[in-house]
Amino acid sequence: MPKPRRPKLGQHFLADVRYRSRIVQALGLRPDDLVIEIGPGHGAITPLVAAQARQVAAVELDPALAAELQQKFQQEPRVEVINADILATDLAAICRRFQARECFIFGNLPYYITSPIIHHLLEFAGSIRAMGLLVQREVAERLAARPGSRDYGYLTVLAGLYASPHVALEVPPGAFSPPPKVHSALVCFEMHSPDARIGRGRERKFQTFLKQCFAHKRKKLLNCLAEAYPRERVEQELERLNVPLKARAEQLSLNDFISLFSNLCP
Ligand code: SAM
């Protein structure tokens, strides 16, 4: 049987010109922004972004596309093409290189690595002013979910630590070439500093704590945390927060997780 055609490196190019400009309008770019674009592809959206910003650093993994982009933008000083894997790219170093304190991240993401990309970006949260990411609609819903809702989970809480993501625009499969199997949505993030109760330099520890909380989807939070902390201590802290002992992690707000963390891991 012939194999179904699978675009390599998640290459679904945004072919619909109306969606290109609707997306760029929704980003809220500022004239002094340094934009790091993830996966510029053939550079369909890059000039629209460059027109609204000071500089674009466009990070493309595919060497053939990167060469095409270098050719296309050789007369455009505001676009610098970087042939690299975004997952191995030091975003703070790009900011330093372009003398920017912070950057704006934009990308029509390659969906096969959406989650690793978001985790990588959040590692550089302190160097990011805002982000606009085109992702699968279900990931967008997870990022913007409310506690207790079906989509709320680990990624929601982690993203909420650094931003209040909201879904700005939905994009149908027909806007891309080739069309993906899923619907897409643009999620916008205005970044903020993590809550001071986490403690300086303890974001990674909080991330590990969150992973413990969400480790077993169907287990009570108490049982998840009792694997790492004395059960009685966890019970005490949950009671102090007025969280029912049978609650699951999906029912707690970011604020609850921060209180629990700062009391259980002082
Ligand atoms: N921005 C273009 C557009 O909207 O038409 C292309 C978007 S396409 C969904 C994703 C792009 O990301 C492709 O150009 C692909 O080659 C690139 N890509 C895939 N993996 C990457 C990685 N790890 N680092 C950087 N770019 C990557």
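No experiment lies behind these values; they were computed from the predicted model shown. (Residues numbered from 1 in each chain as written. Predicted model: local features only at pLDDT ≥ 70, side-chain atom pairs only at ≥ 80, totals over all residues. Heavy atoms only, no water.)

As a packed pair, helix 7 (residues 154–162) and helix 8 (residues 203–213) sit with axes 10 Å apart at the nearest point and diverge in direction by 155°. Here helix 7 is positioned roughly antiparallel relative to helix 8, judged by the angle of their axes. The interaxial crossing formed by helix 7 with helix 8 has right-handed handedness. Each of Tyr154, Val157, Leu158, Leu161 and Tyr162 in helix 7 lies in contact with helix 8, whose residues at this interface are Glu203, Phe206, Gln207, Leu210 and Lys211. (Axes fitted to C-alpha atoms, helices over the stretch in contact; angles between N-to-C directions. Helix = DSSP H or I, 4+ residues; strand = E, 2+ residues; numbered from the N terminus. Parallel < 35°, antiparallel > 145°, perpendicular 65-115°, else oblique. Left-handed = near helix turned anticlockwise from the far one by under 90°. Contact = heavy atoms within 4.5 Å.)

What follows deals with the pattern of salt bridges. Summed over all chains, the structure comprises 13 salt bridges. The partner of Asp151 in a salt bridge is Arg150, with the nearest N and O atoms 3.4 Å apart. Using a relative accessible area of 73% as the deciding quantity, one classes Arg150 as exposed. Linked through salt bridges whose partners overlap, the residues forming this network are Asp33, Arg129 and Glu190. (Salt bridge = Lys/Arg side-chain N within 4 Å of Asp/Glu carboxyl O. Buried < 20%, exposed > 50% of the residue type's maximum accessible area, 1.4 Å probe, protein only.)

To continue, consider the pairing of strand 3 (residues 55–60). Across the six residues of strand 3, six count as buried, placing the element largely inside the fold. Of the two faces of strand 3, both are covered, the one formed by Gln55, Ala57 and Val59 as well as the one formed by Val56, Ala58 and Glu60. Here strand 2 (residues 34–38) runs beside strand 3; their pairing, made up of five bridges, is parallel. Bridge assignment links Val35 to a residue of strand 3, and that residue is Val56. (Pairing = 2+ DSSP bridges.)

Taken together, the neighbourhood of the ligand is formed by 24 residues, with Gln11, Gly39, Glu60, Asp85 and Asn108 sitting nearest. Gly41 is positioned with one of its backbone polar atoms (N or O) 3.4 Å from an oxygen atom of the ligand. For the ligand, a nitrogen atom lies 3.1 Å from a polar atom in the side chain of Tyr112. Considering the ligand on its own, with 590 Å² of exposed area, one finds that the protein chains cover 99% of that surface. Across the shell around the ligand, the residue classes tally to 14 nonpolar, six polar and four charged. (Near = heavy atom within 4 Å. Polar contact = N/O pair within 3.5 Å; in protein donor to acceptor, adjacent residues only side chain to side chain. Areas by Shrake-Rupley, 256 points an atom, 1.4 Å probe, with all protein chains shown as cover. Nonpolar A, V, L, I, M, F, W, Y, C, P; charged D, E, K, R; others polar.)

Positionally, Ser184 belongs in strand 9 (residues 184–190). Residue Ser184 is classed as buried on the basis of its relative accessible area, which comes to 1%. Among the polar contacts listed, one links the side chain of Ser184 to the side chain of Tyr111, at a separation of 2.7 Å. Other than its neighbours up to four places away in sequence, Ser184 contacts Tyr111, Leu134, Val135, Gln136, Arg137, Leu169, Glu170, Val171 and Phe176.

On the surface, a cluster of positive charge is contributed by Arg218, Lys220, Arg231, Lys246 and Arg248. Among the structural elements, Lys246 can be located in the loop between helix 10 (231–240) and helix 11 (254–264). Looking at Lys246, the relative accessible area reads 61%, which means it is exposed. (Patch = residues over 30% accessible without salt bridge, like charges linked within 9 Å, V, L, I, M, F, W, Y side chains within 5 Å. Lys, Arg positive; Asp, Glu negative; His and termini not counted. Charge placed at Lys NZ, Arg CZ, Asp CG, Glu CD.)

Turning our attention to the packing of helix 10 against helix 11. One way to put it is that helix 10 packs onto helix 11 with a least axis distance of 10 Å and a crossing angle of 140°. When the interaxial angle is binned, helix 10 and helix 11 end up oblique. Here helix 10 runs over helix 11; the crossing is right-handed. Contacts between helix 10 and helix 11 involve Arg233, Val234, Glu237, Leu238 and Arg240 from the former and Leu260, Asn263 and Leu264 from the latter. Its residues placed into classes, the contact of helix 10 with helix 11 shows four nonpolar, one polar and three charged.

What follows covers the nonpolar core. Membership of the largest hydrophobic core comes to 66 residues, with the highest contact counts inside it found for Ile105, Phe209 and Phe257. By residue number, the principal contributor to this core is helix 7, which donates seven residues. Residue-level mapping places this core at the junction of two domains, with at least three residues from each of domain 1 (13–193) and domain 2 (197–264). The contact partners of Phe257, leaving out residues within four places of it in the chain, are Tyr152, Val157, Phe206, Phe209, Leu210, Cys213, Phe214, Ala249 and Leu252. Counting residues in each nonpolar core, the second largest holds 29 residues, with Ala53, Ala58, Ala66 and Leu169 among its members. (Core = buried A, V, L, I, M, F, W, Y, C linked by side-chain atoms within 4.5 Å. Domains from an automatic or database assignment.)

On the surface, Leu9, Leu61 and Tyr112 cluster together into a nonpolar patch covering about 260 Å² of accessible area. Turning to its location among the elements, Leu9 is positioned in the segment before strand 1 (13–14).

Okay, the sheet that holds strand 7 (residues 166–171) next. Read from one edge to the other, the open sheet built from seven strands follows the order 4-3-2-5-6-9-7, with strand pairing classed as mixed. The open sheet has two edge strands, strand 4 (79–83) and strand 7, and neither has a second partner. Looking at each pair of strands side by side, their axes are set apart by 20° on average, direction ignored. Of the strand pairs in this sheet, strand 3 and strand 4 are connected by five bridges, and their pairing is parallel. Directly across from Ala57, in strand 4, lies its bridge partner Glu80.

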